[in-house]
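# Results of the structural survey
Here is what each chain is made of, one letter per residue.
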Amino acid sequence: MDIKELETLIMRAERVLARLETVLPGPPSPPDWNAAHAFLWRRHHGRALLQPVATPSVIRLRDLQNIDEQKERIERNTQQFLAGRRANNVLLTGARGSGKSSLVKALLDEYASKGLRLIEVDKDDLADLPEIMDLASGRPERFIVFCDDLSFGEGEVAYKALKSALDGSISGLADNVLIYATSNRRHLMPEFHDDNKLTRHIDGEIHPAEAIEEKISLSDRFGLWLSFYPFGQDEYLEIATHWLKVFGVPKKRIREAHQEALQWALLRGSRSGRVAWQFARDFAGRVE
């Protein structure tokens, strides 16, 4: 091939690359950080963006009942983070409807005025964490990257992406970013009986199989674990009573509502905070 043919080939390659650049998604553009306190990470036609949430759900910390210890610990961690001191990534696990997600959202309501911001990321988009870090890095705000209802199947790519972001990658998290995640599973992955087959006993010590070690290693990377438990009948009624008061139900009707609240929970098969809130909304709507 002579010089002229080579130059022609290079020119054709440059034209092809120019066309590809117009089709392939580029790096995400920074959002209007003043437009909202909460953002959603979304992908549309291959392009990623941080979408401001104009009207986030308003949940107040004082409305979350019977989880005082969990509230105190996550508030303390978040206050340290906002003050620029050392703080941990947080994993909230346990019973469904017990207030895990609400607690994270309530932190935004409480501390947005002090610079706290929330970025919600779907589990399937966790591979984009480095891009999110690039957008948030250097900003004066403090960001919680929030992943709700987190769990992984075998071999999911997002599992390794989150594991690297927490502390396994050379880049790590930005100084102004923490990850808060909720899950119904303590170890975030399904655990099977077969995982135990390769467990070894050496000199009286138990050495877990590699499959178990792999599953535990991700949750171990969260520095703060908060566990949530099912509510008893009295706790459930306390939560229902609180929400009935918030919704303006008269005291006399609140006392009358307790039996209905228990029947509501029985039909739902759960005495959770979410069920109590749903009952209170229904009862208050009928009273109105």
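Residues numbered from 1 in each chain as written. Predicted model: local features only at pLDDT ≥ 70, side-chain atom pairs only at ≥ 80, totals over all residues. Heavy atoms only, no water.

Take the pairing of strand β5 (residues 142–147) next. Burial analysis of β5 places 6 of its 6 residues in the buried class, which makes it a mostly covered element. Summarising the sheet, strand β4 (residues 116–120) and β5 pair through 5 bridges and their orientation is parallel. Each residue of the ladder has a partner; that of Leu118, found in β5, is Ile144. Read as a crossover between parallel neighbours, the route from β4 over helix α4 (residues 129–136) to β5 is right-handed. (Buried < 20%, exposed > 50% of the residue type's maximum accessible area, 1.4 Å probe, protein only. Helix = DSSP H or I, 4+ residues; strand = E, 2+ residues; numbered from the N terminus. Pairing = 2+ DSSP bridges. Right-handed = clockwise from strand over helix to strand, strands pointing away.)

Here the structure, examined in full by the defined rule, presents 9 salt bridges. One salt bridge in this structure joins Asp128 and Arg43, with 2.8 Å as the shortest N-O distance. In this pair, Asp128 is assigned in the loop between β4 and α4 and Arg43 in strand β1 (residues 38–44), connecting sequence segments 85 residues apart. For Arg43, a relative accessible area of 37% gives the class partly exposed. A salt bridge links Glu256 to Arg253, with the nearest nitrogen and oxygen atoms 3.0 Å apart. Residue Glu256 and its partner Arg253 are located together in helix α8 (residues 251–268), separated by 3 residues, close to a single helical turn. (Salt bridge = Lys/Arg side-chain N within 4 Å of Asp/Glu carboxyl O.)

Using the criterion set out here, one finds 5 aromatic pairs in the structure. Look at Trp33 and Phe39: their rings are 5.2 Å apart centre to centre, the planes differ by 70°, and that puts the pair in the edge-to-face class. Both residues of the pair, Trp33 and Phe39, belong to the buried class. (Phe/Tyr/Trp six-rings, centres within 6.5 Å; stacked < 30°, edge-to-face > 60°.)

All right, on to the nonpolar core then. Formed by 46 residues in total, the largest nonpolar core has its most connected members in Ile74, Leu92, Tyr180, Tyr236, Leu244 and Phe279. Formed by 31 residues, the second largest nonpolar core is a distinct cluster that contains Ala136, Ala165, Leu166 and Ala174. (Core = buried A, V, L, I, M, F, W, Y, C linked by side-chain atoms within 4.5 Å.)

Further remarks concern unusual backbone geometry. What you tend to see is this: most non-glycine residues have negative phi, and most peptide bonds are trans. The residue Asn66 is not glycine, and still its phi comes out positive at about 65°. By secondary structure assignment, the location of Asn66 is in the loop between β2 (47–53) and α2 (68–82). A residue is classified by how much of its surface remains accessible, and Asn66, at 27% relative accessible area, is partly exposed. The phi dihedral of Asp149 falls on the positive side, at around 55°, and the residue is not glycine. Examined against the element boundaries, Asp149 turns out to sit in the loop between β5 and α5 (157–168).

Residues Leu6, Leu9 and Ile10 make up a contiguous nonpolar surface patch of roughly 250 Å² in combined accessible area. Within the secondary structure layout, Ile10 lies in helix α1 (residues 3–23). Exposure remark for Ile10: the relative accessible area of 43% places this residue in the partly exposed category. (Patch = residues over 30% accessible without salt bridge, like charges linked within 9 Å, V, L, I, M, F, W, Y side chains within 5 Å. Areas by Shrake-Rupley, 256 points an atom, 1.4 Å probe, with all protein chains shown as cover.)

Turning to helix α9 (residues 273–287), a few remarks are in order. Counted at 1.5 Å a residue, the expected span for α9 with its 15 residues is 21 Å, and the 21 Å between its end C-alpha atoms agrees. When α9 is considered as a whole, its buried residues turn out to be Gly273, Val275, Ala276, Phe279, Ala280, Phe283 and Ala284. Buried residues of α9, seen end-on, are gathered within an arc of 160° and therefore sit on one face of the element. Where α9 is buried, its residues meet α7 (233–246) and α8. (Expected span 1.5 Å × (residues − 1). Arc of directions from axis to C-beta. Contact = heavy atoms within 4.5 Å.)

Before going further, it helps to spend a moment on the packing of α8 against α9. Contact geometry for α8 and α9: axes closest at 10 Å, N-to-C directions at 130°. Comparing the axis directions of α8 and α9 gives the class oblique. Of the two elements, α8 crosses α9, and the hand of that crossing is right-handed. Listed contacts from α9 to Arg253, Ala257, Glu260, Ala261, Trp264, Ala265 and Arg268 of α8 are Val275, Gln278, Phe279, Asp282, Phe283, Arg286 and Val287. (Axes fitted to C-alpha atoms, helices over the stretch in contact; angles between N-to-C directions. Parallel < 35°, antiparallel > 145°, perpendicular 65-115°, else oblique. Left-handed = near helix turned anticlockwise from the far one by under 90°.)

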